Amino acid sequence: CYPVLLPAMGKGSQLKALTSVFDIEKIIGNLDGLFLPGSVSNLNPVLYGKRQETPDLPVDHQRDNTTLKMIKSAVDQGVPLLAVCRGFQELNVAFGGTIHQKVHEISGHMDHREDASLAKEKQYEHAHEIHITKNGLLHKIWGSTIARVNSLHGQGIDKIGEGLIVEARSPDLLIEAVSLNKAKNFALGVQWHPEWGFWQDKLSKAIIGAFAKAVKAHFSNHRT
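To start, this report covers the structure provided alongside it. (Residues numbered from 1 in each chain as written. Predicted model: local features only at pLDDT ≥ 70, side-chain atom pairs only at ≥ 80, totals over all residues. Heavy atoms only, no water.)

The backbone of Asn-135 shows a phi angle near 70 degrees, a positive value even though the residue is not glycine. Within the fold, Asn-135 resides in the loop between β4 (128-132) and α6 (137-142). For Asn-135, a relative accessible area of 55% translates into the label exposed. (Helix = DSSP H or I, 4+ residues; strand = E, 2+ residues; numbered from the N terminus. Buried < 20%, exposed > 50% of the residue type's maximum accessible area, 1.4 Å probe, protein only.)

Laid out in structure tokens, this is it:
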């Protein structure tokens, strides 16, 4: 595939200037798939009606102003969508959901953050099981209701967005994967990182493969 570099949209006059020349609907309509990766930054809590509880952590207003619009456009136009980590949380917020800003401080929940003292390869090793919803999209991709995944996040879904379906939960019942009810095409969000060394992990290969298949089908249906 060919990655497409898109400008992040700023705030105020900068946002107004960009929107006059940057037509998201048209851009998304020319894509065959949309992948939303993770990030060191978090969504601005204002976007889901909460105050900032983690002022020490970075936010990214430009990404917020770009991706939330892209998600709705991709879904409306039937462009295959795979959202990971921050992208997973963006998918939830785009449809009216909210986010726990400090999962590790909530009673009954595990600490889902990585151990920063470890080497990067160790941080991305499997950390816990997930329990996958039977007969859901992820179950159909994976073929089992149990899997193990990595875990590198301090935030997580609180209230699920309208039209989203829970595809998997961690042992502490935190939502780990969602799909979109009545989506026109492939639309999956996961809290973990299947893109990390995906060729070494069967679940990751299955997810990336399912997304690739949907992208190829969209290309065949719209570009030929």
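Here the focus is the sheet that holds strand β2 (residues 81-84). As a general point, the strands of a sheet are linked pairwise by backbone hydrogen bonds and lie either parallel or antiparallel. Taken together, seven strands build an open sheet; the order of strands is β1-β2-β9-β8-β7-β4-β5 and the sheet is mixed. Looking at the sheet topology across the chains shown, the edges are occupied by β1 (34-36) and β5 (146-149). Recorded for the sheet is a direction-independent mean angle of 25 degrees between the axes of neighbouring strands. Bridge analysis of strand β8 (residues 175-180) against strand β9 (residues 187-190) gives three bridges, and the strand direction is antiparallel. Bridge pairing in β9 links Ala-177 to Val-190. Docked against the sheet, helix α3 (residues 61-77) engages β1, β2 and β8, running at close to 140 degrees with respect to β1. Along the sheet face, helix α4 (residues 86-94) touches β1, β2, β7 (164-169), β8 and β9 and points at about 115 degrees away from the line of β2. (Pairing = 2+ DSSP bridges. Axes fitted to C-alpha atoms, helices over the stretch in contact; angles between N-to-C directions. Contact = heavy atoms within 4.5 Å.)

What follows deals with the environment of Glu-129. Relative to the elements of secondary structure, Glu-129 occurs in strand β4. Classification of Glu-129 by relative accessible area gives partly exposed; the value is 32%. Along the primary structure Glu-129 and Gln-52 are separated by 77 residues, whereas in three dimensions their C-alpha atoms are 30 Å apart. Dropping the residues within four chain positions of it, Glu-129 is found in contact with Ile-146, Ala-147, Arg-148, Arg-169, Ser-170 and Pro-171.

This structure, assessed with the given rule, holds six salt bridges. Salt-bridge contacts for Arg-86 lead to Asp-64; the nearest nitrogen and oxygen are separated by 2.9 Å. Of this pair, Arg-86 sits in helix α4 while Asp-64 sits in helix α3, placing them 22 residues apart in sequence. Judged by its relative accessible area of 2%, Arg-86 is buried. (Salt bridge = Lys/Arg side-chain N within 4 Å of Asp/Glu carboxyl O.)

Right, let's talk about the packing of aromatic side chains for a bit. Counting across every chain of the model gives three aromatic pairs. Pairing Phe-186 with Phe-211 gives two aromatic rings, centres 5.9 Å apart and planes at 45 degrees, and the pair type is tilted. One end of the pair, Phe-186, is in the loop between β8 and β9; the other, Phe-211, is in helix α7 (residues 202-223), with 25 residues separating them in the sequence. Residue Phe-186 shares its accessibility class with Phe-211, and that shared class is buried. Seen in terms of ring centroids, Phe-198 and Trp-199 are 5.4 Å apart; in terms of plane orientation they differ by 80 degrees. Their pairing is edge-to-face. Classification of Trp-199 as exposed rests on a relative accessible area of 56%. Positioned above the aromatic ring of Phe-95 is the side chain of Lys-72, whose terminal nitrogen or guanidinium carbon lies 5.1 Å from the ring centre. (Phe/Tyr/Trp six-rings, centres within 6.5 Å; stacked < 30°, edge-to-face > 60°. Lys NZ or Arg CZ within 6 Å of the ring centre and 35° of its normal.)

A word on α3. The end-to-end C-alpha separation of α3 is 25 Å, in line with the 24 Å expected for 17 residues at 1.5 Å each. Along α3, the residues classified as buried are Arg-63, Asp-64, Asn-65, Thr-66, Thr-67, Leu-68, Met-70, Ile-71, Ser-73, Ala-74 and Val-75. Packing partners of the buried residues in α3 comprise α2 (24-29), β1, β2, α4 and β8. Directly beyond the C-terminal end of α3, a positive phi value near 70 degrees is found at Gly-78. (Expected span 1.5 Å × (residues − 1).)

On to the nonpolar core. Counting residues in each nonpolar core, the largest one holds 29 residues, and the members touching the most others are Ile-28, Leu-34, Ile-71, Leu-81, Leu-91, Phe-95 and Val-178. Counting residues per element, the ones that place at least two in this core are α2, β1, α3, β2, α4, β7 and β8. Top element by residues in this core is α3. It accounts for five residues. Judged by nonpolar contacts, the second largest core, of 21 residues, contains Ile-141, Trp-192, Ile-207 and Val-215. (Core = buried A, V, L, I, M, F, W, Y, C linked by side-chain atoms within 4.5 Å.)

A separate point is the pairing of β4. Alignment of β4 against β5, held across four bridges, turns out to be antiparallel. Paired with His-128 across the two strands is Val-149, which belongs to β5. As paired strands, β4 and β7 are joined by two bridges and run antiparallel to one another. Bridging across to β7, Ile-132 finds its partner in Ala-168.

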